[in-house]
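Spelled out from the first residue to the last, the chains are:
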Amino acid sequence: MIKVVISGALGRMGTTIGRIVDESPDMELVGGIDIREGTLYGTQVVPAEKLDELLKEKKPDVLIDFTIAAAAVENIKIAAQNNVALIVGTTGFSPEQRETIRTAIEGNVPAVISSNFSVGVNIFWKLVREAARELGDYDIEVTEAHHRHKKDAPSGTAKTILEILDQELGNREKVYGRVGETERKGEIGVHVIRGGDIVGDHAVLFAGNFECIEISHRAYDRAIFAQGAVRAARWVVGREPRIYSMQDVLGI
Ligand SMILES: NC(=O)C1=CN([C@@H]2O[C@H](COP(=O)(O)OP(=O)(O)OC[C@H]3O[C@@H](n4cnc5c(N)ncnc54)[C@H](O)[C@@H]3O)[C@@H](O)[C@H]2O)C=CC1
Ligand SMILES: O=C(O)C1=N[C@H](C(=O)O)C[C@H](O)C1
């Protein structure tokens, strides 16, 4: 039985993951943390300050964190100190926070970190890489749309797209929206939409003369992210102590 603690347990992703863990016969939800107390599928959710205590008492195999960047960094440090494997879906980390996370994890615990746990987005990223290799001289525009409550922009998934484009094309200038007189050069345009209950849309447009290719992914239910995170949780337990990607989990 894989024992799971969820961080951000009362949030949109935390509650969705809680349902999937609760429905999984090979998993047990042993606790949750959030900024306030509550319950999740009959399991107690305690305030974040009690994470260390909770991990020592329940001895989970894995902590799944979907919170906000600053909170996730602290939760990751505490999980690593307690030898608890990690699944991190939280986005919006600064380069300094990424480095702190890397230092806390490497050589201590296995962790899967991904800005997007959906299988479809992981395939989409591969298609974007392939297109960038062939279409480096086309104009490139990245667009993402999310619900009105999302706290970070651009999305973690869009930032991963930009990393892939940088890896394939070198570090191009990024222009975040355009207004007034603009002259297109070799930059990559990045466009963010926020509204309603949009679950998560991403698109990369490669525009040439007389033709365009657009590669896009649209999420209709956040269960796709939650299912991916739970799949990663099953996979990560017992691995070598280092950071893995969702592509490692999927073997792609
Ligand atoms: N990697 C992926 O596949 C996905 C990543 N995300 C990311 O997951 C994160 C959460 O997204 P949502 O669930 O939509 O947000 P949300 O706002 O619904 O949930 C976040 C929860 O974390 C709680 N929280 C805040 N500080 C905390 C702390 N110190 N310890 C524990 N809990 C704390 C909040 O009270 C809230 O309940 C965001 O960064 C989002 O971008 C969201 C969907 C998919
Ligand atoms: O906040 C969200 O909702 C999502 N966040 C992730 C991101 O920032 O890329 C993944 C997904 O798009 C939903």
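Residues numbered from 1 in each chain as written. Chains lettered and ligands numbered in written order. Predicted model: local features only at pLDDT ≥ 70, side-chain atom pairs only at ≥ 80, totals over all residues.

Per an unreviewed UniProt entry, the protein carries the name 4-hydroxy-tetrahydrodipicolinate reductase and comes from Methanoculleus thermophilus. The Function (unreviewed entry) field of the UniProt record for the protein holds the comment "Catalyzes the conversion of 4-hydroxy-tetrahydrodipicolinate (HTPA) to tetrahydrodipicolinate." (UniProt positions renumbered as here; feature names shortened; annotations may be inferred.)

Asker: I'm lost on the confidence of the model for the protein in this one. Help?
Answerer: Detailed conclusions should not be drawn from predicted coordinates in areas where pLDDT is low. Within the protein, residue pLDDT values average 98, and 100% of them lie at 70 or more. Our summary of model confidence lists the complex with pTM equal to 0.98 and ipTM equal to 0.99. (pLDDT = per-residue confidence, 0-100.)

Asker: Hey, could you run me through the domain arrangement of the protein in this one?
Answerer: Interface size, as often reported, equals the accessible area lost upon joining of the parts. Domain assignment breaks the protein into domain 1 (2-117 + 223-250) and domain 2 (119-219). Each of domain 1 and domain 2 was reduced to a C-alpha centroid, and the two centroids are 28 Å apart. Across the boundary between the two partners, domain 1 contributes ten residues, which contact twelve residues of domain 2. Among the secondary structure elements, those contributing two or more residues to the side of domain 1 that touches domain 2 are α7 (223-236) and α8 (246-250). Per-class residue counts for the side of domain 1 that touches domain 2 are four nonpolar, six polar and no charged. (Domains from an automatic or database assignment. Contact = placed C-beta atoms within 7 Å. Helix = DSSP H or I, 4+ residues; strand = E, 2+ residues; numbered from the N terminus. Nonpolar A, V, L, I, M, F, W, Y, C, P; charged D, E, K, R; others polar.)

Asker: How should I be thinking about the site of ligand 2 in this particular structure?
Answerer: In the region of ligand 2, the neighbouring residues are T91, S115, N116, H146, K150, S155, G156, T157 and G200. For the shell around ligand 2, the per-class residue count stands at no nonpolar, eight polar and one charged. When we break the shell around ligand 2 down by domain, the ones giving at least three residues each are domain 1 (2-117 + 223-250) and domain 2 (119-219). (Near = placed C-beta within 6 Å.)

Asker: Can you walk me through the sheet that holds strand β2 (residues 27-34) in this structure?
Answerer: Sheets are built from strands paired through backbone hydrogen bonds, the pairs being either parallel or antiparallel. Pairing in this open sheet of eight strands is mixed, and the strands run β3-β4-β2-β1-β5-β6-β7-β13 from one edge to the other. Two strands bound the open sheet, and with one partner strand each, they are β3 (38-40) and β13 (243-244). Relative to strand β4 (residues 43-47), β3 runs antiparallel, the two sharing three bridges. Paired with G38 across the strands is V45, a residue of β4. Running over the sheet, α7 touches β1 (2-7), β5 (62-65), β6 (85-88), β7 (111-113) and β13 and is turned about 160° from β6. (Pairing = 2+ DSSP bridges. Axes fitted to C-alpha atoms, helices over the stretch in contact; angles between N-to-C directions.)

Asker: Quick question: what am I supposed to make of the UniProt feature "binding site: (S)-2,3,4,5-tetrahydrodipicolinate" (unreviewed entry) in the protein here?
Answerer: Per the UniProt annotation, the sites labelled "binding site: (S)-2,3,4,5-tetrahydrodipicolinate" (unreviewed entry) are H147, G156 and T157. Inspection of the secondary structure puts H147 in the loop between β8 (139-146) and α6 (156-169). Apart from the residues lying within four places of it in its own chain, the contact partners of H147 are G196, D197, I198 and V199. Residue position: G156 is located in helix α6.

Asker: Would you take a moment to explain the pairing of β6 for this structure?
Answerer: Consecutive side chains of a regular strand alternate in pointing toward one face of the sheet and then the other. Of the two faces of β6, the one lined by A85 and I87 and the one lined by L86 and V88 are each fully buried. Viewed along the sheet, the connection from β5 through helix α3 (residues 69-81) into β6 turns out right-handed. As paired strands, β6 and β7 are joined by three bridges and run parallel to one another. Note that in β7 the partner of I87 across the bridge is V112. As for the winding sense of the linkage, the β-α-β connection from β6 through helix α4 (residues 95-105) to β7 is right-handed. (Buried ≥ 20, exposed ≤ 12 C-beta atoms within 10 Å, placed from the backbone. Right-handed = clockwise from strand over helix to strand, strands pointing away.)

Asker: Please clarify how the site of ligand 1 should be interpreted in this entry.
Answerer: Around ligand 1 sit 28 residues, and of these G8, G11, A48, A71 and G89 come closest. Elements with a minimum of two residues in the shell around ligand 1: α1 (12-22), β2 and α3. Among the elements that take part in the shell around ligand 1, α1 stands out by supplying three residues, more than any other. Grouping the constituent residues of the shell around ligand 1 by class yields ten nonpolar, 14 polar and four charged.

Asker: Would you take a moment to explain unusual backbone geometry for this structure?
Answerer: With glycine set apart, most residues show a phi of negative sign, and most peptide bonds adopt trans. Residue P154 is bonded to the preceding A153 through a cis peptide linkage, with omega at -10°. Mapped onto the elements, P154 comes out in the loop between β8 and α6. Even without a glycine there, the phi angle at K59 is positive, about 45°. In this fold, K59 is placed in the loop between α2 (51-58) and β5.

Asker: Please clarify how the environment of D61 should be interpreted in this entry.
Answerer: Residue position: D61 is located in the loop between α2 and β5. On the basis of neighbour count, D61 is assigned to the buried category, with 20 C-beta atoms found within 10 Å. A C-alpha to C-alpha distance of 22 Å links D61 and N116, two positions 55 residues apart in sequence. Sequence-distant contacts of D61, defined by excluding residues within four places in its chain, comprise I2, K3, A85 and V237.

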